[in-house]
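For reference, the chains in residue letters:
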Amino acid sequence: MGRLNINQKTAEALISFKNVSKSFGATKALINCNIDFKMGEIHSLVGENGAGKSTLGKIILGAYKLDSGQMLIEGKESQINSPVQSVNLGLVGISQELSLLPSRTVVDNIAMGRELTSGFFVSSKKTKEKVLSVMNRFNLFLNPDSIVGSLSVAEQQKVEILRALNSNARLIVFDEPTARLASNETEQLHFLVNSLAKTGTTIIYISHFLEEVLSISDRISLLRNGQLIRTNIAKKETKKSLIEGMTGKEEGNLFPKIKPVSKNSETILQVSNLTRKNEFEKISFEIKRGEIVGLSGLVGSGRSELALTIFGDKKPDKGKINFYGKEIKNNSINKSIDMGIAMVPESRRTQGLILARSLIENISLPYLKKFSSIYGVNKKKEKVDVIEACNKTTVKHNGVDFEVQYLSGGNQQKILFAKAAMGKPRLLIADEPTRGVDIGAKKSIYELIAKLSDVGESVLLISSEIEEIIGMSNRVLVMSRGKLSAELEGSAINKKTIMEATFKN
Amino acid sequence: MNIIELSRKYGIAVITISLFLILALTTEGFFTERNIRNLLDQQSTILIAASFMTIVIISGNFDISISAIFVVAPLFALNIENATGNVLLSVFGGVGLGIILGAFNAIVVTYFKVNSFIATLATSFMFFGFGYLISDRSLMRPVTDTYQQIARTKFFDITSATWIALITVIIASILLTRTRFGRNVFATGGNQEAARLAGINVPMVQATTFILLGASAALAGIVNSSRSISAQPSDDFSFVFSVLTAVIVGGTSIMGGKGAIWRTVAAAFFLAFMNNGFNLLQVDPLWQRIILGLVIVIAVALDSWSQRKNV
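Residues numbered from 1 in each chain as written. Chains lettered and ligands numbered in written order. Predicted model: local features only at pLDDT ≥ 70, side-chain atom pairs only at ≥ 80, totals over all residues. Heavy atoms only, no water.

Engineer: Hey, could you run me through the sheet that holds strand β3 (residues 42-46) of chain A in this one?
Structural biologist: What links the strands of a sheet is backbone hydrogen bonding, and the strands pair in either a parallel or an antiparallel sense. Residues and elements named next belong to chain A. Spatially, the six strands line up as an open sheet ordered β6-β9-β10-β3-β11-β12, and their pairing is mixed. Two strands close off the open sheet at either side, each with one partner strand: β6 (91-94) and β12 (227-233). Averaged over all pairs of adjacent strands, the angle between strand axes in this sheet comes to 20°, irrespective of strand direction. Bridge count for β6 against strand β9 (residues 171-175) is four bridges, and the pairing is parallel. Bridged to Leu91 within β9 is Leu171. Each of β6 and β9 is contacted by helix α5 (residues 153-166), which is oriented at about 175° to β6, the strand it contacts most. Together, β3, β9 and β10 (202-206) form the strand contacts of helix α6 (residues 183-198), whose direction differs from that of β10 by roughly 145°. (Pairing = 2+ DSSP bridges. Helix = DSSP H or I, 4+ residues; strand = E, 2+ residues; numbered from the N terminus. Axes fitted to C-alpha atoms, helices over the stretch in contact; angles between N-to-C directions. Contact = heavy atoms within 4.5 Å.)

Engineer: Please clarify how helix α4 (residues 124-138) of chain A should be interpreted in this entry.
Structural biologist: Because the α-helix completes a turn every 3.6 residues, residues three or four places apart line up on one side. Residue and element names in this part refer to chain A. The terminal C-alpha atoms of α4 lie 21 Å apart, and with 15 residues this matches the ideal 21 Å at 1.5 Å per residue to within 8%. Within α4 the residues assigned to the buried category are Thr127, Val131, Val134, Met135 and Phe138. Along the axis of α4, the buried residues cluster in a sector spanning 100°; they form a single face. Turned more than 90 degrees from where α4 packs its buried face, Lys125, Asn136 and Arg137 sit exposed. Elements that come into contact with the buried residues of α4 comprise α3 (106-110), β8 (121-122), α5 and α6. The first or second residue beyond α4 is Asn139, which carries a positive phi of 55°. (Expected span 1.5 Å × (residues − 1). Buried < 20%, exposed > 50% of the residue type's maximum accessible area, 1.4 Å probe, protein only. Arc of directions from axis to C-beta.)

Engineer: Which parts of the structure should I look at to understand the packing of aromatic side chains?
Structural biologist: Aromatic rings considered in pairs are described by the distance between their centres and by the relative angle of their planes. Under the definition given, this model contains 18 aromatic pairs over all chains. Ring geometry for Phe104 of chain B against Phe127 of chain B: centres 6.4 Å apart, planes inclined by 65°, an arrangement best described as edge-to-face. One end of the pair, Phe104 of chain B, is in helix α4 (residues 87-111); the other, Phe127 of chain B, is in helix α5 (residues 116-135), and 23 residues separate them in sequence. Taken together, a centroid distance of 5.2 Å and an interplanar angle of 85° make the contact between Tyr111 of chain B and Phe112 of chain B edge-to-face. For the pair Tyr111 of chain B and Phe112 of chain B, one class covers both residues: exposed. Taken together through their ring pairs, the aromatic side chains of Phe20, Phe30, Phe31, Phe269 and Phe273 of chain B make up a single cluster. The ring of Phe186 of chain B is capped by Arg357 of chain A, whose NZ or CZ atom sits 3.6 Å from the centre of that ring. It is Arg426 of chain A that lies over the ring of Tyr324 of chain A; its NZ or CZ is 4.1 Å from the centre. (Phe/Tyr/Trp six-rings, centres within 6.5 Å; stacked < 30°, edge-to-face > 60°. Lys NZ or Arg CZ within 6 Å of the ring centre and 35° of its normal.)

Engineer: Mind showing me how you'd approach the packing of α4 of chain B against α5 of chain B here?
Structural biologist: When two helices pack together, their arrangement is captured by the angle between the axes and the distance separating the axes. Residue and element names in this part refer to chain B. Where α4 meets α5, the axes come as close as 10 Å, and the angle between the chain directions of the two elements is 145°. For the element pair α4 and α5, the recorded crossing hand is right-handed. Between α4 and α5, the contacting residues are Leu101, Phe104, Asn105, Val108 and Val109 on the first element and Ser116, Ala119, Thr120, Thr123, Met126, Phe127 and Phe130 on the second. For the contact of α4 with α5, the residue count by class is eight nonpolar, four polar and no charged. (Left-handed = near helix turned anticlockwise from the far one by under 90°. Nonpolar A, V, L, I, M, F, W, Y, C, P; charged D, E, K, R; others polar.)

Engineer: For this particular structure, what's the right way to read the pairing of strand β23 (residues 475-480) of chain A?
Structural biologist: When a strand is regular, its side chains alternate between the sheet's two faces. Residues and elements named next belong to chain A. For β23, the tally of buried residues reaches six of six residues, placing the bulk of the element in the interior. Because side chains alternate across β23, one face comprises the buried residues Arg475, Leu477 and Met479, and the other comprises Val476, Val478 and Ser480, equally buried. Strand direction decides the pairing type here: β23 and strand β24 (residues 483-489), joined by six bridges, are antiparallel. Following the sheet pairing, Ser480 is matched in β24 by Lys483. Linking two consecutive strands that pair antiparallel, namely β23 and β24, is a turn of two residues; a positive phi of about 45° is found at Arg481 within it.

Laid out in structure tokens, this is it:
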């Protein structure tokens, strides 16, 4: 694996860090790191959440200042005090949350802050020509007059990259660029990143997806708890060596053992011919008691819409949903929750959590009825139950009265599980349950899911990570363009069969 | 908890109590029974509306139209009183009108999905118009002597206006902190999508907050008219600004999801003490408003600053 780059040893460093440290209050984000980024290389940073990789990127982008140590740009000691200064030096970032003006055109967005003028006025003609020439130079085309808000996430990302190129970027920091992309879009992005590096642009690539990192990088730097463990040529690393380096432990098996479901186990959910116009059609499948069913497919294949329809958020146009032998008519979220269906939604920040409120209030929210009477909410009983749910789902916290925004990503994700566990659900729908969490948290979320199925709860697991689907499911459903394109069981579950079904028309 | 968090949480209470102590020790005429009773009486109308305004703002909305409800409800109540001579009926009628107008706001905001600021600005004009309509564009006075007793009856030497305010504040606080409805208000303002996916009927929660505020603004208007033994149609927006000032200086976030009624009460008294102190010290009213403006800027800036420190 790894990209072959002949100049690797001789290339000059664009940016070097010497003994840099950075703390936030009591947390040491970086401790005496020595690292350099060479011109034209793809240099990945890997590590668990909180290892310091994003901090390093943000220092380069001028968002944070160093506490101590030196930063050399082309051998000269430099200080970056603001994001503007970074951009002027040609150091640009592409972040997970895109920073675009959704109601403006592609050209407007790319040229933002760098519009060309004739005299006092902005010349749209000159500006557009300049943007087109950048598109030409890097072979990266988009309709210049499209409104950015109407583009897909992948295309919006291209707009950001073009904006970086238009400002003569010499170094681009990609922070988790593929977290929101489907796998074919990911491949396109990798191709683009490679060709940028060939033109001499330095790429810093931050990602949780280790296969991606291994295939795309020239060099990989491994960080753990703010310290640089090593910088190595990508070819000399493997997934196993990276995980061991990141966690500091030998890699155990990431996935717990999933118990097989017996053939005569009771069917708890039966979906037949379920259809919602322009989202999905004629979906039929069933889930047995204690079974983990994986639902795979690209973003936009209709899988999240299907999940929300089963959960009662959307009404089906046609078809039936039976839960424990009873047909759910006029479904609503409230009804689903009462019947024992719980959901871990796709995005914990926008759909899952109320960040400025306490663990208690977040976790008990869907089940407040249980603690309410004419005298109001019984806070004592609520607290006892919430603490029990936290213990069950291994949420680490300093007290259930603290606001959830102070917890790590992995723990926030587990709060969604604690919330679901409050209702002792009979069916859990988990949409991307491990997105954006580190390997340690991932592992414990997998164990949680396995434990649920052990006690007879059923799980519908939706995920973009094929390994997760393979490692966790008793049975796998694949969706493609709104249709169920495969139902796989036992030895038929593997990467090849899932990928084929994913791209089936 | 560190000092920033502590000051963020209890700052307004500390500041209010400090100001009280400073004025009590330095300003003659401040800490007298009469002055304190007057202060409580004067704040009653603001407190009645501000408690429920706090709830509306926590749920992520805004309501400008309480000024108009404050004007139109007592006119309606006096219409009933003039016609029937029944004061109790007139109070129910006035509050009932507040409920209906609040429900109208609720429909515009939750059903037609109009931004609440714009929606209630527009309905304000309608409600002010109703005021002229039902009063024949003239000042109205009660025909009974009982009407003025609504606000002026004394229990334990304290006016009924103050008692009504106290009861309203307690009811609103209990609703917000002890009930499922209160939790749903915080959830709706904090993250509407997450609230919806937790099975909360978000439009219903928001509608309820508008209706409760409509009723309380009407009650405040009736108390006010009882105190002044008259009511007059007008286009006067000033009531909502006094109420909003108390809510915002108290530190309830305009973005929704955060806040408390005790903070609004503390801020209302802080502003009242300041105003009262200025008057007793004979500060030029010109300077009073400049300082008031500065205090609001500082309160809002402090809030925004402490938010940044926390993320």
